[in-house]
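# Remarks on the overall topology
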Amino acid sequence: MRLLIVEDEPEVLSYIVKGMKEAGHTVDTATDGRNGLFLATTEQYDLLIIDRMMPELDGLTVIKTLRGAGNNTPVLIL
């Protein structure tokens, strides 16, 4: 699976990325909502893992924007 993880806390991001890569997944990351939204709209992912509280754009705004654009990729909210 190809995953996008959007998380602004470096330790949390590192922990999740490590676990997902060990499980065999391909992982892209963003450290704020604006970059996460950009990646989610320009690349294709099987799952988005998005933090709720982030700089630039919060996670719920990212998800609402994606859904409004017709992107129905499954999302796990942190």
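To be clear, the structure that these remarks concern was listed above.
Described in the following lines is the structure provided in the data block. (Residues numbered from 1 in each chain as written. Predicted model: local features only at pLDDT ≥ 70, side-chain atom pairs only at ≥ 80, totals over all residues. Heavy atoms only, no water.)

## A word on the packing of helix α2 (residues 33-42) against helix α3 (residues 59-68)
One way to put it is that α2 packs onto α3 with a least axis distance of 10 Å and a crossing angle of 25°. Put simply, α2 runs roughly parallel to α3. The handedness of the crossing between α2 and α3 comes out as right-handed. Note on element contacts: α3 touches α2 through V62, T65 and L66, opposite G33, L37, A40 and T41. Of the residues assigned to the contact of α2 with α3, the class counts are four nonpolar, three polar and no charged. (Axes fitted to C-alpha atoms, helices over the stretch in contact; angles between N-to-C directions. Helix = DSSP H or I, 4+ residues; strand = E, 2+ residues; numbered from the N terminus. Parallel < 35°, antiparallel > 145°, perpendicular 65-115°, else oblique. Left-handed = near helix turned anticlockwise from the far one by under 90°. Contact = heavy atoms within 4.5 Å. Nonpolar A, V, L, I, M, F, W, Y, C, P; charged D, E, K, R; others polar.)

## Overview of the nonpolar core
Counting residues in each nonpolar core, the largest one holds 14 residues, and the members touching the most others are L4, V6, L48, I50, V62 and L66. Secondary structure elements with two or more residues in this core: β1 (2-6), α2, β3 (47-50) and α3. Discounting residues that sit within four places of it in the chain, L48 has contacts with L4, A40, L66, T73, P74, V75 and L76. (Core = buried A, V, L, I, M, F, W, Y, C linked by side-chain atoms within 4.5 Å. Buried < 20%, exposed > 50% of the residue type's maximum accessible area, 1.4 Å probe, protein only.)

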